[in-house]
Amino acid sequence: MYNIIRLSEQLSEKHIIVHSECTDAESILCEMVQLLSDELGPEACKDISDAVLAREKAKSTGIGYGVAVPHTRTSWVKQLYCVAATSENGIEFKAMDGKLTSLFFLIISPDFTVGPHLNIISAISHLVGKNANMSAKLNSAQSPEEFMDILKTEEEKYIT
């Protein structure tokens, strides 16, 4: 048996947006990237936003169950970043199941790596696949701290 990466160990509360007011895919993706502007700087965030948006235009990362996992690899970062966001009303994201997306996990990884972002996507898919209500539970969070508490509780139930 192999160990699943715990998503809660890849996120920090400062990288969680609860109840984003964005109404479209482009704006929520840009909002998520901008959350990293203090750490990465405006030029990096512009290039990362462009890369994430280009990736979404090529093929949506809406995996269904109300969840999307936009991602990119870039030379602007030397470590992996994960940003989460929720949307109370949901956003059209061209998800595989055709439903609105209300839970987003943005993954930005260094361009010299391949595996880490794939492992996180796998961890997200594993959690969502075992718990179709995950999006609703995380969307009920009223703060980044509560989001993390819910995520950790769900991981304990489904990750062995």
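Residues numbered from 1 in each chain as written. Predicted model: local features only at pLDDT ≥ 70, side-chain atom pairs only at ≥ 80, totals over all residues. Heavy atoms only, no water.

J.: So what's going on with the side chain of His15? Residues and values would help.
T.: Positionally, His15 belongs in the segment before strand S1 (16–17). For His15, a relative accessible area of 7% gives the class buried. Those residues in contact with His15 that lie beyond four places of it in its chain are Leu35, Leu36, Glu39, Tyr81, Cys82, Val83 and Ala84. (Helix = DSSP H or I, 4+ residues; strand = E, 2+ residues; numbered from the N terminus. Buried < 20%, exposed > 50% of the residue type's maximum accessible area, 1.4 Å probe, protein only. Contact = heavy atoms within 4.5 Å.)

J.: Break down the pattern of salt bridges for me, citing the residues and quoting the values.
T.: Tallying each qualifying case throughout the model produces 5 salt bridges. Of the charged contacts, one joins Arg6 and Glu156 as a salt bridge, the two residues approaching to 3.1 Å between their closest N and O atoms. In this pair, Arg6 is assigned in the segment before S1 and Glu156 in helix H6 (residues 144–158), connecting sequence segments 150 residues apart. Under the relative-accessibility criterion, Arg6 is labelled partly exposed at 23%. A salt bridge links Lys14 to Glu39, with the shortest nitrogen-to-oxygen separation between them at 3.9 Å. Of this pair, Lys14 sits in the segment before S1 while Glu39 sits in helix H2 (residues 37–40), and the two are 25 residues apart along the sequence. Here Lys14 falls in the exposed class, since its relative accessible area comes to 56%. (Salt bridge = Lys/Arg side-chain N within 4 Å of Asp/Glu carboxyl O.)

J.: Give me the lowdown on helix H1 (residues 25–34), citing residues and values where you can.
T.: When we look at burial in H1, the residues that qualify are Ile28, Leu29, Met32 and Val33. Relative to the axis of H1, the buried residues are bounded by an arc of 135° and lie together on one face. Among the structural elements, S1, H2, helix H3 (42–58), strand S5 (81–91) and strand S6 (101–110) are those in contact with the buried residues of H1. Looking at where H1 begins, the residue whose side-chain oxygen comes 3.2 Å from the main-chain nitrogen of Glu26 is Asp24. (Arc of directions from axis to C-beta. Polar contact = N/O pair within 3.5 Å; in protein donor to acceptor, adjacent residues only side chain to side chain.)

J.: Explain the environment of Asp97 residue by residue, including any values.
T.: Mapped onto the secondary structure, Asp97 falls in the loop between S5 and S6. The exposure class of Asp97 is partly exposed, given its relative accessible area of 35%. C-alpha separation for the pair Asp97 and Pro42, spaced 55 residues apart in sequence, amounts to 34 Å. With residues up to four places along the chain from it excluded, the contact list for Asp97 reads Gly64, Tyr65 and Gly66. At 2.9 Å, the side chain of Asp97 forms a polar contact with the backbone nitrogen of Tyr65.

J.: Give a detailed account of H3, specifying residues and quantitative values.
T.: Between its first and last C-alpha atoms H3 spans 24 Å; for 17 residues at 1.5 Å apiece the expected length is 24 Å, and the two agree. Among all positions in H3, only Ala44, Cys45, Ile48, Ser49, Val52, Leu53 and Glu56 are buried. The arc that holds the buried residues of H3, viewed along the axis, is 160°, so those residues lie on one side. Every exposed residue of H3 that faces more than 90 degrees away from the buried side is listed here: Glu43, Lys57 and Ala58. The inward-facing, buried residues of H3 contact H1, H2, strand S4 (71–74) and S6. (Expected span 1.5 Å × (residues − 1).)

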